[in-house]
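# Structural description and commentary
Spelled out, the chains give:
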Amino acid sequence: MEMLIGRALQFQSFHSSIDAIFWHQLSNYKVEQQKLDASPVAIHGRFNAYSRSAISIVFGKASENSSIKECIAEGTLINANTQQEFVEADVKEIRENIGKKLLESIEKDTVAERPNELIQFLLFSYADIKSYRYHYWCLFPSLKNTPLWIVKSFQPAESVIPSNIVSPQILDFLKTSDCTQRPFFIVAKDQKAQWLVLPLKELPRCLTDKLEFFIFAEDSFQLQEYPSWPTRNLLAYLSIKFHLEKTKIILFRDGMSSDNLSRSIFIDLVSQKSQDSLKPLSTVGWERNGKGQLGPKVVNLSSLIDPVLLSESASMLNLSLMRWRLVPQLDLGVIQSTKCLLLGAGTLGCGVARNLVSWGVRHITFVDYSKVAYSNPVRQSLFTFEDCKKKQPKAQCAAFRLKEIYPKMFTEGHSISIPMLGHPIYESDIEKTKRDYQILENLFLSHDAIFLLTDTRESRWLPTVMATSLNKILINSALGFDSWLVMRHGSLSQGENRLGCYFCNDVFAPSNSVIDRTLDQTCTVTRAGCTNIATAIAVELFVSLLQHPNGIAAPVSNTESTVLGELPHQIRGFLHDFSLLKISGKAYQQCSACSEYVISEWEKRKWDFVLQAINDCDYIEELCGLRLVQQLGESAGIMEEWDSDNENILA
């Protein structure tokens, strides 16, 4: 941040965040209580270090409750009775009136007892209740023509304050003080060199006793180098009331539950008068609209009348709340826009689909060749007894059920078979199988992420080949009786560090695994909880991968490499001892599915390659080099046996 040294400090303005609940409460208040009365109404705003310069505006007066873990800004709502009254209002007069109120708080020093008076704001609105349209304009006032503040130093707060000593005191102060004290406070070193956390009203004592002190300002920022609106008003207060020519500010960016100051910034400032400083004080602060212009905003809530649209906004509520405080950087847009293809609509497919919908995925396609059986509904959450009676195709039925759950889903099902190694294609079936293959290839091209959720190992081979070649995210999930596996496949763009696929540990190509199976082997026999755990973790791994800047090419990380935490390669779970095992492995050069030999041949020949691979049981192993590996292994075994025999003879 050396570029800031010697320059005048600049500030980033706040922007309002108003949800539908606020407008609903305003509508009720207008109809039931306010009626034609246009008197000001108390409202308040909430923000914290992670709200990115956004202030959530809440209807009604704030409770001075120490359990609130946010900064509270007191506001005023002026609601016009008519749209004409709103349009023709003298916004300059409104701005200057609230500016005078702010200046009066500074000059009379009521700020000392209630520091949050420096961040008072105004909301001017007109509520068209009949059409559910709300016009509004927020004012976050600041005083103009105060002296400039020149940056002498801009560095991490921990370089000037012992975080391990001061942070616990700060947390204690914030927990025990009422919400009016939280935006601004002081950290000082007394004559005994002891660090103290003091309310802002102790500033005169700090100046009189010539203590070393820092003024903390809760800072909600978007750009690291610029403090936000509250700091601007704090500096105006120091200049007007105390005529300070220099000061030390800490931009407090670690929040009210952090035990350190790792995100906070120290700024050493000196004041400098300019030509504007000679002019009378005036007020600025009207919020810009969505076009970046000074002007009101309009929100249309008429869509909430439609239950489908109401469902759309309500379904995203939990996800949106995550971004408020828990995971502010969570990118919901990339989750919503990702198109997911689920290969298998059975036990795993149903579970994955429900979890994807919960995370906000809105485009899901199912592929499954079977029909709903009577054994399915108790384990597969998208099917009912009626589906069994009608022998509904699983893929289409699952898609229909998702639309019932969430009408705005874009979902469809395809009853097609996946060509499998070890399952020869007879002459009479070639055309149909080719059509199914072409549909499958088109689905791969039109989707972003593939979930492998089929019953057999060999059915996962072709999707692995295609996903690797097309660089699609591929999440694999498989079940045992009391164990499960979830893994993500690597990307060719990872080079020599490419993560392995489902087949990379095999020295034999997949073959027909359903020959000579007994009843318990033809069904998915697994402990009931395995499915729910495996499908949940599969989706969580997928969502975490989307949050990584490298996406599909993200490396294995056992640290918090995404906003949601770690990003493993494989997760294996075991219910017999309730354990989890995280494993990672590189791609195998002779892999029967993801090796460059196989990928390049598929890219050249497509369907012809698939047909040969399925009907010629030796082709894939010879192509990728596994046959040579097997021969070398057999030779090594023979030589070892021969050497062992010689040793016995010699003995």
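Rules used throughout
- Throughout this document, residue positions are counted from 1 along each chain, in the order its sequence is written.
- Owing to the predicted nature of the model, reporting of local features is limited to residues with pLDDT of at least 70; listing and counting of side-chain atom pairs is limited to 80 or more, with chain, interface and lining totals taken over all residues.
- Each side-chain value is worked out from all heavy atoms of the structure, with water and hydrogens disregarded.
- UniProt positions are given in the numbering used here, feature names are shortened, and annotations may be inferred rather than shown by experiment.
- The salt bridge definition used is simple: a Lys or Arg side-chain nitrogen within 4 Å of an Asp or Glu carboxyl oxygen.
- Each helix is a run of H or I in the DSSP string that is no shorter than four residues. Each strand is a run of E no shorter than two, and both are numbered from the N terminus.
- Side-chain atoms alone can form a polar contact between residues adjacent in sequence; in general such a contact is a pair of N or O atoms within 3.5 Å, and within protein one must be able to donate a hydrogen while the other accepts it.
- Two residues form a contact once any of their heavy atoms are found within 4.5 Å.
- For this analysis, a nonpolar core means a set of buried residues of the types Ala, Val, Leu, Ile, Met, Phe, Trp, Tyr and Cys, connected via side-chain atoms within 4.5 Å.
- Burial classification: accessible surface area is computed with a 1.4 Å probe over protein chains only, and a residue below 20% of its type maximum counts as buried, one above 50% as exposed, and the rest as partly exposed.
- By this definition, two strands are paired if DSSP reports at least two bridges between them.
- Interaxial angle, 0 to 180 degrees, is taken between N-to-C directions of lines fitted to C-alpha atoms, where a helix line uses only the stretch in contact.

For the protein chain, the name recorded in an unreviewed UniProt entry is Ubiquitin-like modifier-activating enzyme ATG7, with Schizosaccharomyces osmophilus as its organism. Quoted verbatim from the Subunit (unreviewed entry) field of the UniProt record, the comment on the protein chain reads "Homodimer." The protein chain has a UniProt comment under Sequence similarities (unreviewed entry) that states "Belongs to the ATG7 family."

## Some details on the pattern of salt bridges
Per the counting criterion, the structure on display carries 19 salt bridges. Across the pair Glu386 and Lys389 runs a salt bridge, and its minimum N-O distance is 3.4 Å. You can see Glu386 and its partner Lys389 sitting in helix α11 (residues 385-389), 3 residues apart, about one turn around the helix. Here Arg457 and Asp506 are joined by a salt bridge, their closest N and O atoms 2.7 Å apart. Pair noted here: Arg457 is in the loop between β18 (449-452) and α14 (461-470) and Asp506 is in the loop between β20 (483-488) and α15 (519-522), with a separation of 49 residues, a long-range link. One network of salt bridges, in which partners are shared, links Glu74, Arg114 and Glu117.

## Structural notes on the side chain of Glu287
The residue Glu287 is located in the loop between β13 (282-286) and β14 (297-300) in this model. Looking at Glu287, its side chain comes within polar contact range of the main-chain nitrogen of Ser16, at 2.8 Å. Apart from residues no more than four positions distant in its own chain, Glu287 is found in contact with Phe14, His15, Ser16, Trp137, Cys138, Phe140, Gln293, Leu294, Gly295 and Lys297.

## Some remarks on the nonpolar core
Ile170, Phe216, Tyr237 and Leu238 are the most contacted members of the largest nonpolar core, which totals 75 residues. No other element matches the 6 residues that helix α6 (residues 229-242) contributes to this core. In contact with Ile170, not counting residues within four places along its chain, are Phe185, Val187, Val197, Phe216, Phe252 and Leu261. Counting 52 residues, the second-largest nonpolar core is a separate cluster that includes Leu330, Leu348, Ala449 and Ala554.

## Looking at the sheet that holds strand β8 (residues 184-189)
The mixed open sheet is built from 6 strands, whose spatial order is β7-β12-β11-β10-β8-β9. Each edge of the open sheet is held by one strand with a lone partner, namely β7 (148-156) and β9 (195-199). Neighbouring strand axes in the sheet, compared pairwise and without regard to direction, differ in orientation by 30 degrees on average. Summarising the sheet, β8 and β9 pair through 5 bridges and their orientation is antiparallel. Within the sheet, the bridge partner assigned to Ile186 lies in β9 and is Leu198.

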